[in-house]
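# An overview of the molecular structure
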Amino acid sequence: MIGKAKSCVGGFSLFNYVVDDEKGIELLRNNLCGETPIELFQEMKILQNLNQKATNKLISMVLSPHVNDGENLSKKQLENITKQFLKELEINIEKSQFIAFLHTEKLHRHIHILLNRVDQNGKLFQDHHIGKKAQWSAHRVAEKNGLISAKQIRIDKIKASEVINSNSKNLRKEIYQKHLKVMEST
């Protein structure tokens, strides 16, 4: 599973891309009642207008299970991992304004989440290192649910590389020792 997140201005075109019935289905939403992308965009804009200082008032996230996992997960399971992912990012899913949309148009199913950074009081959700936090959150959710984690695949590859390097060093050392013995005997 891979998790990505970044703060952005969040224009109408992003909503139009994410909320598209031809690409998939809606999984979750909170504090939103609009049906069309423009209605959802305008609804989030109401809260965003409470904070005039910030420029990036939306967090765009993608939660992408491994291809093998994505094929086998039910809608309910996808909803649960989405909730867990948001909670791992310390997002209050009861109070925050967001929509999660499952894209199924490609072989690789993935979830787009649009989260309003501005709350009802005009305060911003902190986005410091949100990209790295999303990666680790996805990793922890994958571990909890017995799913394949991109971080774990990377860690395993590094460990395998270290074993290969260690074996290579031992082999070179052994060859060098034999070379020294041959040189001594001549």
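Here is what the cut-offs are and how they apply
- Residues numbered from 1 in each chain as written.
- Predicted model: local features only at pLDDT ≥ 70, side-chain atom pairs only at ≥ 80, totals over all residues.
- Heavy atoms only, no water.
- Core = buried A, V, L, I, M, F, W, Y, C linked by side-chain atoms within 4.5 Å.
- Buried < 20%, exposed > 50% of the residue type's maximum accessible area, 1.4 Å probe, protein only.
- Helix = DSSP H or I, 4+ residues; strand = E, 2+ residues; numbered from the N terminus.
- Contact = heavy atoms within 4.5 Å.
- 1 Å grid on protein atoms, 1.4 Å probe; cavity = no way out; pocket = protein on both sides within 12 Å on 5 of 7 lines; lining within 4 Å.
- Points joined across faces, edges and corners; volume = space filled by probe spheres on them.
- Nonpolar A, V, L, I, M, F, W, Y, C, P; charged D, E, K, R; others polar.
- Salt bridge = Lys/Arg side-chain N within 4 Å of Asp/Glu carboxyl O.
- Polar contact = N/O pair within 3.5 Å; in protein donor to acceptor, adjacent residues only side chain to side chain.
- Pairing = 2+ DSSP bridges.
- Axes fitted to C-alpha atoms, helices over the stretch in contact; angles between N-to-C directions.

### Points about the nonpolar core
Formed by 27 residues in total, the largest nonpolar core has its most connected members in Met 1, Met 61, Ile 81, Phe 85, Ile 111 and Ile 113. Looking at which element gives the most residues to this core, the answer is helix H5 (residues 130-144), with five residues. Contacts of Met 1, omitting those with residues within four sequence positions, involve Leu 63, Ser 64, Pro 65, His 66, Ile 81, Ala 138, Val 141, Ala 142, Leu 147, Ile 148, Ser 149 and Ala 150. The next biggest cluster of nonpolar side chains, apart from the first, holds twelve residues, and it includes Phe 15, Val 18, Val 19 and Leu 32.

### A few points about the layout of surface pockets
A volume near 210 Å³ is recorded for the largest pocket. Around the largest pocket, the lining comprises 14 residues; the ones closest to its centre are Lys 95, Ser 96, Asp 119, Gln 120 and Phe 125. In the lining of the largest pocket, the residues fall into five nonpolar, six polar and three charged. The space that makes up the second largest pocket amounts to roughly 160 Å³. Lining the second largest pocket, in full, are Met 1, Ile 2, Gly 3, Gln 135, Trp 136, His 139, Ser 149, Ala 150, Lys 151, Arg 154 and Ile 155. Take the lining of the second largest pocket: its biggest share by element is four residues, from helix H6 (residues 150-185). Looking at the lining of the second largest pocket residue by residue, the class counts come to five nonpolar, four polar and two charged.

### What about the pattern of salt bridges?
The final tally for this structure, using the stated rule, is seven salt bridges. Here Lys 76 makes a salt bridge to Glu 79, at a shortest N to O gap of 3.8 Å. Here Lys 76 pairs with Glu 79, and both are found in helix H4 (residues 75-88), just three residues apart, close to one helical turn. For Lys 76, a relative accessible area of 52% translates into the label exposed. A relative accessible area of 12% places Glu 79 in the buried class. One salt bridge in this structure joins Lys 144 and Glu 88, with 2.5 Å as the shortest N-O distance. In this pair, Lys 144 is assigned in helix H5 and Glu 88 in helix H4, connecting sequence segments 56 residues apart. Owing to a relative accessible area of 58%, Lys 144 belongs among the exposed residues under this scheme. When salt bridges that share partners are traced, they join Lys 75, Lys 76 and Glu 79 into one network.

### Brief notes about the side chain of His 112
Tracing the backbone through its elements, the reader meets His 112 in strand E5 (residues 110-116). On the basis of relative accessibility, which here comes to 9%, the residue His 112 falls in the buried class. At 3.3 Å, the side chain of His 112 and the side chain of His 110 are in polar contact. Here His 112 is in contact with Tyr 17, Val 18, Met 61, Val 62, Ile 99, Ala 100, Phe 101 and His 103, once residues within four sequence places are set aside.

### Here we look at the sheet that holds strand E4 (residues 98-103)
Taken in spatial order, the five strands make up an open sheet running E1-E3-E5-E4-E2, and their pairing is antiparallel. Looking along the sheet, the strands with just one partner apiece sit at the ends: strand E1 (2-8) and strand E2 (24-30). Taking each pair of neighbouring strands and ignoring which way they run, the sheet shows an average axis angle of 15°. Of the strand pairs in this sheet, E4 and E5 are connected by six bridges, and their pairing is antiparallel. When the bridges of E5 are listed, Leu 102 appears paired with Ile 111. With respect to the sheet, helix H2 (residues 37-48) is in contact with E2, strand E3 (58-64), E4 and E5, its orientation differing from that of E5 by roughly 35°. Across the sheet, H4 is in contact with E1, E2, E3, E4 and E5; its angle to E2 comes to roughly 45°.

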